[in-house]
Amino acid sequence: MSGLFKVSSNPHVRSRVTTNGIMLAVIIALMPAAGFGIYNFGPRAVAVILVTIASTVLTEFLFGLYKKKMTITDLSAVVTGLLLALNLPVTIPLWMAALGGVFAILVVKMLFGGLGQNFMNPALAARCFLLISFPTAMAGKAFECDAYTGATPLEILKNGGQVNVMDMVIGRTSGTIGETSVIALVIGACILILLGIIDLRIPGSYIVTFVVFLVVVDLAKGQWISPAYLTAQLAGGGLMLGAFFMATDYVTRPITIKGQYLFGIFLGIMTGVFRVFGSGAEGVSYAIILGNLLVPLIEKVTKPKAFGYEKGGRRSEK
Amino acid sequence: MAKLTFVGGIHPYDGKDLSKDKPIQDILPGNELVYPLSQHIGAPAKAIVAKGDRVLAGQKIAESGGFVSAPIHATVSGTVKTIEPRRVVTGDMIMSIVVENDGLYEDAGFYPQASLEELGREDIIGIIREAGIVGMGGAGFPTHVKLSPKEPEKIEYVIANCAECEPYLTSDYRRMLEEPEKLIGGLKILVSLFENAQGQYAHGIIAVEDNKPDCIALLRQLTKDEPGISVKALKTKYPQGGERQLIYATTGRKINSTMLPADVGCVVNNVDTIVAVYRAVIEGRPLMERIVTVTGDAVANPGNFRVKIGMSYQEILEAAGGFKIKPEKIVCGGPMMGFGMFDLNVPSTKTSTALLGLSRDDVAAMEPGPCINCGRCVEVCPGRVIPSRLADYAEHFDEEAFLANHGMECCECGCCSFICPAKRPLTQEIKSMRKIQLAKKKK
């Protein structure tokens, strides 16, 4: 045997987990929420989802042609498109949805260097861009679909009204296409957790902090928080979608383990501040975008100690 | 009870079933044996034979080139054919003694220097040095140096590294099953070298991963009347057998890259090394053989072989029936830490643990992509650093950031490269930067 063999530096084996596989898993995990959105809001939701995904993928494709480096096969553009669609109201004009897709991919992702380089979640950044540019079209009041029109549960709460918590958990309320059903979102989150794609560090610390924040605010007002209000806050708006699918976005969350807890805590506080003291009813998107901007700082202060450098390095001996 | 282990690590496909039930088989070398003068860490050995000399099996043919060095012994009888640079596993050309095997296997006779009771600490270390024993787990650090720390009275634990966490490897496993008394005997000799490693509770630790319950049971049975030795079951996880991880798992003590195990009172040796110590001290035999696992899905009859050091890999492979399918990649050692080989006509050395023939090369099959910051490398890194960032610093040659972020703490275990979904060569980037930094430090 004198033929030559392949050589490379060790290690010589690789795990089966790939970037594509992760993206595909996220797409699958978003299916329950997307499916419920379509059921809830009707066929126009399909149109919004397809237009947004087509717009993100096409933008990345054209950019790839220009840069002579094709990257659409990694499926990340599909994930961005799908997430953006789930964050849009069903009544949005389709050209706006498409514009959001272009903004997400071109401005937020590709201009900063493509996959892995964006400092904000592209889908959320695009949602905020649309919120600022077209507030009427993006607001919950613009709903004109058959089943659920009118204000979102959080807006009703904000104005002192009563909401049906059960409807909110199932998702039979108004809101963006993908955010209404807690059940569908939790099924998706479980898929991601079981596949090891995400863990509970960020969603857990986020939601717990948010609950603590609400309890403290009510205590400061001299009252004990009402369970119905708390559940409505948890089930309403983009909290579940944001906590499990947006805040956990690898690229725009801290890579350090301690930093992830800190990030979740920050998001919980900011969401609480926006929802309780802000003028709008929603706060998740802005909280996460703000959190994204703080990531470099969070990573800096939570830089891990290398093995053997910790204080009190000795574990108690048994 | 929480399992003894460390934070981080991975669970690669272990492939041990291919060869774990194959008893150790003795194989004989071909006509030519090659002994590179540098098969350990430290100064190369100096040849003390000349072309044309007749040598016997077990005869010293090269002496230590310094304190951190080890002599080399002939493993067959025959004639010195030549002394010239030969290609070794790593691809380097190393000055080597080439011996023509006469097939008689005549030896010089092996006699222990004295009975164990009569030997003092210095005598035993002297025997180990003269026997040419080096760390046989792969590093090749001369064992007598390891056993001579600055303050021997500070050593409290002697740990036998029987984790064998590297996938596919089963040589240590077979060794423990087939010659457990030599392992235990060798460990007792090592424990006897350190006054503070004796006493009320066990200071000789045999650390075995719990995927080898039969070894654990057997060793526990054999050591039940040995209060000085305890067998500890470790969680099965790569790199459980890494020195820092092993010390932490068994004693709870932590060392970083700037420290030696002796700094926390530990001495760690591999199974094969400890058996070699036993054979040198009790039987008077220098280091001439080792166990090599030949395995992988491309190998016809995977197995464990007792080889004479200096045999070529080609001969070792033939003992296992050659390849049944064309291998894509051949690795000397395990898949995580081994060297990729481009030619099989290189000699086995004291540190040859395995020969692995894989029909699929993951590295070539998977194209690296951009980092998506997923943090898997951070989760698995036993050094608790951020491999993806260190690799970035290395790529951009940002030495300052590399050092500030504990780049030197990388133990090159390969977990990050294994787990990376983008298939980035993280370990490789970090390793090349570390090499540059280590070379700078030496100057």
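Residues numbered from 1 in each chain as written. Chains lettered and ligands numbered in written order. Predicted model: local features only at pLDDT ≥ 70, side-chain atom pairs only at ≥ 80, totals over all residues.

### Topic: unusual backbone geometry
For step 1, the next point in the chain: Across the junction of Asn 10 of chain A and Pro 11 of chain A, the peptide omega takes the value -5 degrees, indicating a cis bond.
For step 2, the next point in the chain: Looking at the element boundaries, Pro 11 of chain A is found in the segment before helix H1 (19–41).
For step 3, the next point in the chain: Residue Pro 239 of chain B is bonded to the preceding Tyr 238 of chain B through a cis peptide linkage, with omega at -5 degrees.
For step 4, the next point in the chain: Looking at where Pro 239 of chain B falls in the secondary structure, it is placed in the loop between strand E11 (229–234) and helix H6 (243–251).
For step 5, the next point in the chain: Even without being glycine, Tyr 105 of chain B reaches a positive phi, approximately 55 degrees. (Helix = DSSP H or I, 4+ residues; strand = E, 2+ residues; numbered from the N terminus.)

### Topic: the pairing of strand E15 (residues 329–332) of chain B
All names here are of chain B.
For step 1, the next point in the chain: Here E15 shows two buried faces, one formed by Lys 329 and Val 331 and the other by Ile 330 and Cys 332.
For step 2, the next point in the chain: Two elements, E15 and strand E17 (residues 354–358), share four bridges in a ladder whose sense is antiparallel. Looking across to E17, one finds that Val 331 is bridged to Leu 356.
For step 3, the next point in the chain: Count of turn residues in the E15/strand E16 (residues 339–341) antiparallel hairpin: six residues, of which Gly 333 carries a positive phi of about 105 degrees. (Buried ≥ 20, exposed ≤ 12 C-beta atoms within 10 Å, placed from the backbone. Pairing = 2+ DSSP bridges.)

### Describing the sheet that holds strand E12 (residues 266–270) of chain B
Residue and element names in this part refer to chain B.
For step 1, the next point in the chain: The parallel open sheet is built from four strands, whose spatial order is E11-E10-E9-E12. In this open sheet, the two strands that pair with only one neighbour each are E11 and E12. Averaged over all neighbouring strand pairs, the angle between strand axes comes to 25 degrees, with direction disregarded.
For step 2, the next point in the chain: In this sheet, E12 lies alongside strand E9 (residues 157–162) in parallel orientation, the contact comprising five bridges. Across the sheet, Ala 160 pairs through a bridge with Asn 269, a residue of E12. (Axes fitted to C-alpha atoms, helices over the stretch in contact; angles between N-to-C directions.)

### Remarks on the sheet that holds strand E4 (residues 54–55) of chain B
For step 1, the next point in the chain: Spatially, four strands are ordered E2-E8-E7-E4 (chain B) in an open sheet, and the strand pairing comes out antiparallel. Every other strand in the sheet has two partners, leaving strand E2 (32–36) and E4 of chain B as the edge strands with one partner each.

### Concerning the confidence of the model for chain A
Keep in mind that low pLDDT regions are not for reading the predicted coordinates in detail.
Residue and element names in this part refer to chain A.
For step 1, the next point in the chain: Across chain A, pLDDT averages 88, with 92% of residues at or above 70.
For step 2, the next point in the chain: Across chain A, the secondary-structure element scoring lowest on mean pLDDT is helix H7 (residues 153–158), at 78, and the one scoring highest is helix H3 (residues 76–86), at 96.
For step 3, the next point in the chain: In the predicted structure, residues 141–148 sits below a pLDDT of 50 and forms 22 contacts with residues beyond four places in sequence or in another chain.
For step 4, the next point in the chain: Note on residues 312–318: pLDDT is under 50 here. Beyond four places in sequence and across chains, it has eight contacts. (pLDDT = per-residue confidence, 0-100. Contact = placed C-beta atoms within 7 Å.)

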